Amino acid sequence: MYTTANQRSKSGQRIVDLRSDTVTWPTEAMRRAMYEAEVGDDCYGEDPTVNRLQQVAAEKLGKEAGLFVASGTMGNLCAVLAHTQPGQEVILGDESHTFLWEVGGISRIGGCVTHIVPFHDGFLDPEEVERAIRPTDDIHAAHTGLICVENTCNRGGGTIIPPDHLERLAAVARRHGIPIHMDGARIFNAAVGLSIDVRELACHVDSVMFCLSKGLSAPVGSVLVGSREFIARANQARKLLGGGMRQAGVLAAAGLVALEEGVARLHEDHANARRLAEGIATKVPEAVNLRQVQTNMVMVNTRPLGWTGQEFAERMAQVGILFFPVDPYRVRLVTHRMVSAADIDYTLAMFDQVLATREK
Ligand SMILES: *Cc1c(COP(=O)(O)O)cnc(C)c1O
C-alpha cells in the first residue's frame, strides 16, 4: 500500500522510477508518527517534536543547534543569509546545486555575488578556492563571505568528498577567517558510503544542510545545523523567507523516523546502484565509470549507446524505466527505498531490450 516497491502506471505497466530519491513516499512508521505527533507553535519555539528533531539532528552531526526548514533550497539560503552580508561574495562550485538549481537565491535574496570555481567531479581544488578569495584591503573588491561545498556531489554522480579533502578546504577557510557551509543534501549517503560517523564529515565545516526528504524518505523537510548563534540568525532568515511554520511537528515526526530507519537502510540503495552500474558495464563498459559509483547514483554516458541522453531516456521511459538526462550525452539514475534489487534486474532486462532496437 504505502510502500510498494514495484509501482505500476494506470495502464498496468511496471514502472521503475529512478528520476530521484525525492520520489520516495513516507513509510508506515512515519505516517503513524505524524498522526501521533505532539505539536505546538514552532514560531514560538513551542513545538516539542520540531525541537526534538532539531536537537537529534544537531547531536548526530556534532553541532550545537539545528533548524527544521521546508526544503534543502531554503536551508542553503538560510545558511547564506546567516553567514554573509549583502554585497559579499560566495565561493561555490560551477556545477553545484546551489549555483545551478536554487533559483539564484544567493544573489536575488542574499544580495551576494556568486564566485564560481571549477567542480572537479564535485571536488573544489583548495588552491583554486584560495585564489578566488578576494583581498580585504582593496576598495574595489566585494569581500568573500562564504565558501560552499557539496557532499555527496550530485553532478559528480553521488561522489563522496572525504574528510581529508574537507580538512584541506577548511584550512584555507580558517586562514582567511571565512566560514564554510556544506550542502549535505545527501550527507548521510556520504557517511554510509565511507562507513564513518557523519560527524567526521561535519566537523570540518561551520554549517551543514541535509535533506530528510530524499533517500531518507521523509515526505517534507531538511535540517540546517551549526552553532547556536548561527542557528539563531538562520531562524530569522527562515522567517524572512516565509518558512516559519506553526504545528510543524506533524512533519518533523516523519523526519525523526527518517533519521533512524532511513539512515539504517541507505546501504541497500548503494548496493542497488552498484548492481545497476555493474550490470550496465557488463553490456556497455564505456557507458559507466564504476569508480564514480559511490553512493545511490549512476551516471550513464550515452555516447557509446549512439543516443543523446534525451533519446535514451525517452526509449527507456517507453518501457517504464524513468530517469532524467543531465547533459546532452549523460543521464542520471538514482536508487532509493522504493526501488528493489528485483527492480534493478528488471531495469537491466529493459536496458537489454532497448539496446536490441539500435540500428546496427
Ligand atoms: C536536492 C538538493 C538540494 C535541494 O533540496 P530541495 O529540498 O529539493 O530544495 C540541494 N542540494 C543538493 C545537492 C540536492 O541534491
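Here the structure is a predicted model, which means the values were calculated and not measured.

I would appreciate a short explanation of the confidence of the model for the protein in the present structure.
Predicted coordinates in regions of low pLDDT should not be interpreted in detail. Considering every residue of the protein, the mean pLDDT works out to 96; 98% of them sit at 70 or more. Confidence drops under pLDDT 50 across residues 1-5; counting only partners more than four residues distant or on other chains, this segment forms 15 contacts.

Explain the nonpolar core here, please?
One finds L61, F68, I187, F188, F210 and L212 to be the most contacted residues of the largest nonpolar core, which totals 52 residues. By residue number, the principal contributor to this core is helix α11 (residues 249-264), which donates eight residues. With near-sequence residues (within four places) excluded, F188 lies in contact with K60, L61, V198, F210, L216, L259, V263 and L266. Among the nonpolar cores identified, the runner-up in size contains 31 residues, and A287, V288, V293 and I321 belong to it.

How should I be thinking about helix α7 (residues 163-176) in this particular structure?
Every α-helix carries 3.6 residues per turn, so stepping three or four residues along brings you back to the same face. The end-to-end C-alpha distance of α7, which contains 14 residues, comes to 20 Å, matching closely the 20 Å that a straight helix rising 1.5 Å per residue would cover. Residues of α7 that are buried include every one of H165, L166, L169, A170, V172 and A173, and no others. Take α7 and look down its axis: the buried residues cluster within an arc of 155 degrees, on one side only. In α7, the exposed positions angled more than 90 degrees off the buried face are occupied by D164, R174 and R175. Buried positions along α7 lie against α6 (126-132), β6 (144-150), β7 (180-183) and α9 (199-202). Just downstream of α7 lies G177, where phi reads positive at about 65 degrees.

How do you make sense of the layout of surface pockets when you look at a structure like this?
Over the atoms a probe the size of a water molecule is rolled, and this reveals where empty space is left. Looking at the largest pocket, its volume works out to about 280 Å³. Taken together, 16 residues make up the lining of the largest pocket; nearest its centre are H97, W101, N154, V326 and R332. Among the elements of the structure, α4 (97-101) and β12 (324-327) are those that each provide at least two residues to the lining of the largest pocket. Among the elements that take part in the lining of the largest pocket, β12 stands out by supplying three residues, more than any other. Taken together, the residues of the lining of the largest pocket break down into five nonpolar, five polar and six charged.

Reading the values: the criteria
Residues numbered from 1 in each chain as written. Predicted model: local features only at pLDDT ≥ 70, side-chain atom pairs only at ≥ 80, totals over all residues. Heavy atoms only, no water. pLDDT = per-residue confidence, 0-100. Contact = heavy atoms within 4.5 Å. Core = buried A, V, L, I, M, F, W, Y, C linked by side-chain atoms within 4.5 Å. Buried < 20%, exposed > 50% of the residue type's maximum accessible area, 1.4 Å probe, protein only. Helix = DSSP H or I, 4+ residues; strand = E, 2+ residues; numbered from the N terminus. Expected span 1.5 Å × (residues − 1). Arc of directions from axis to C-beta. 1 Å grid on protein atoms, 1.4 Å probe; cavity = no way out; pocket = protein on both sides within 12 Å on 5 of 7 lines; lining within 4 Å. Points joined across faces, edges and corners; volume = space filled by probe spheres on them. Nonpolar A, V, L, I, M, F, W, Y, C, P; charged D, E, K, R; others polar.

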